[in-house]
Amino acid sequence: MRPTYLEINLAQLKHNLEAIRAHVAPAKVMPMVKANAYGHGIEGVVPFIEPYVDMLGVALVEEGIQLRQLGIKKPILVAGGTMIGQLPSFFEHDLTLTASSLDLLLVADQLAESTRQRMKVHLKFDTGMERVGVHEYEAEEFLQKSLACRHLEVEGIYTHLANSEKVDRKYSLLQLERFQEILRFYEKNSLPMPMRHVCNSGGILNVPEAHFDMVRPGVLFYGIYPGRDIERKVDAKPVATWKSKVAYSKITLPGRPVSYGSLWQAEGSPTRIVTIPCGYADGYFRNMTNRARVVINGKSYPQVGRICMDQFMVNAGEDDVKVGDEAVLLGGGITVEELADWAGTNEYEVMTNISARVPRVYVGAVQ
Ligand SMILES: *Cc1c(COP(=O)(O)O)cnc(C)c1O
């Protein structure tokens, strides 16, 4: 196996889920496992966590199909925008549709009727994200028509928060108010209420009045907080550690610049430069050149010289760092927030960018 890998602590992952569940009880929990479980590896994460979840959320139909092919039996909500041509897959793989437009809803119902099958759907409303979903001011017609869809089971109703990680809750509360207005349709007409869900990780932490019947944690399930200023009310901790090993160790003289573009060189005295077999093709952002730090043998060192596709260099100074010594790129003192800052991005992109070339190794799976 490659010396560079992403270690996932499954015991901590389960702990995170339980901490979220305790915080939102009696609401149900649907972890979002889209984008290869936020980079943590769908194949290792989902079969392990399945017994403890109420539902699973993905973005793409293809991700839902992959979960079924892995033998996952729990309900799966496809949350992203679905094309009409993809609807047959929902029957074939027992997936739950996000009905985000009247068109999609009606075609799904017709297809269900003509093929004598049933489809579970969650109605999606746009209360202020301007992405997918029906605006609250057009909800009435959509809801009326949904009642006439005899071949669909309208199991859920939801919306998505655009600013939930912000300490200023004004926009979230505005969205919540718009969602409440939509829900009044069911009360007014004395109809049974579908399962209501609103909260992503930010909402779970910041908007407790919107927990409703279920929550949809993404980043927090993996132990990462959705914002820097958000109060850390749930005891969730990161589960991923990105490890590698020193692959080469040499003394470099002043006047001998390191790597492409000669962006860095030793000043004054010779220094030990070690090579880590990991690069931007693995998701170690090239943009972090001369900014990142790496922990080797428990000590933090600066990354130096242009990060290459498959390797990068670290300045070990006068220390005796050897080939085979362990290098930690994330975790063990290096936070995902630091990586995000070095790369000029956010924590979500750092994790989802770790490429398929990096093996995922699962530890701590005591159930
Ligand atoms: C990805 C996603 C989430 C999770 O968001 P986090 O900020 O990672 O918690 C929740 N709901 C929907 C619809 C999503 O697509």
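Residues numbered from 1 in each chain as written. Predicted model: local features only at pLDDT ≥ 70, side-chain atom pairs only at ≥ 80, totals over all residues. Heavy atoms only, no water.

A few points about the packing of aromatic side chains
Two measures describe an aromatic ring pair: the distance that separates the ring centres and the angle between the ring planes.
Then, number 1: The tally for this structure, following the rule as stated, stands at 9 aromatic pairs.
Then, number 2: When the centroid spacing of 5.5 Å and the interplanar angle of 75 degrees are considered together, the rings of Phe125 and Phe142 count as edge-to-face. Separated by 17 residues along the polypeptide, Phe125 in strand β6 (residues 119-126) and Phe142 in helix α7 (residues 139-147) bring together distant segments of the chain.
Then, number 3: Classification of Phe125 as buried rests on a relative accessible area of 1%.
Then, number 4: For Phe142, a relative accessible area of 2% puts it in the buried group.
Then, number 5: Where Phe221 meets Tyr222, the ring centres are 4.8 Å apart and the plane angle is 65 degrees; that geometry is what we call edge-to-face. (Phe/Tyr/Trp six-rings, centres within 6.5 Å; stacked < 30°, edge-to-face > 60°. Helix = DSSP H or I, 4+ residues; strand = E, 2+ residues; numbered from the N terminus. Buried < 20%, exposed > 50% of the residue type's maximum accessible area, 1.4 Å probe, protein only.)

Brief notes about the site of the ligand
Then, number 1: Close to the ligand lie Met32, Lys34, Tyr38, Ala79, His160, Asn200, Ser201, Arg216, Pro217, Gly218, Val219 and Tyr348, which account for all nearby residues.
Then, number 2: In the environment of the ligand, an oxygen atom lies 2.5 Å from a nitrogen or oxygen atom belonging to the side chain of Ser201.
Then, number 3: Tyr348 places a polar side-chain atom, nitrogen or oxygen, 2.6 Å from an oxygen atom of the ligand.
Then, number 4: Relative to its unbound accessible area of 380 Å², the ligand is 91% covered by the protein chains. (Near = heavy atom within 4 Å. Polar contact = N/O pair within 3.5 Å; in protein donor to acceptor, adjacent residues only side chain to side chain. Areas by Shrake-Rupley, 256 points an atom, 1.4 Å probe, with all protein chains shown as cover.)

Things to note about the domain arrangement of the chain
Then, number 1: Split by domain assignment, the chain resolves into domain 1 (10-222) and domain 2 (240-334).
Then, number 2: Taking the mean C-alpha position of each, domain 1 and domain 2 sit 42 Å from one another. (Domains from an automatic or database assignment.)

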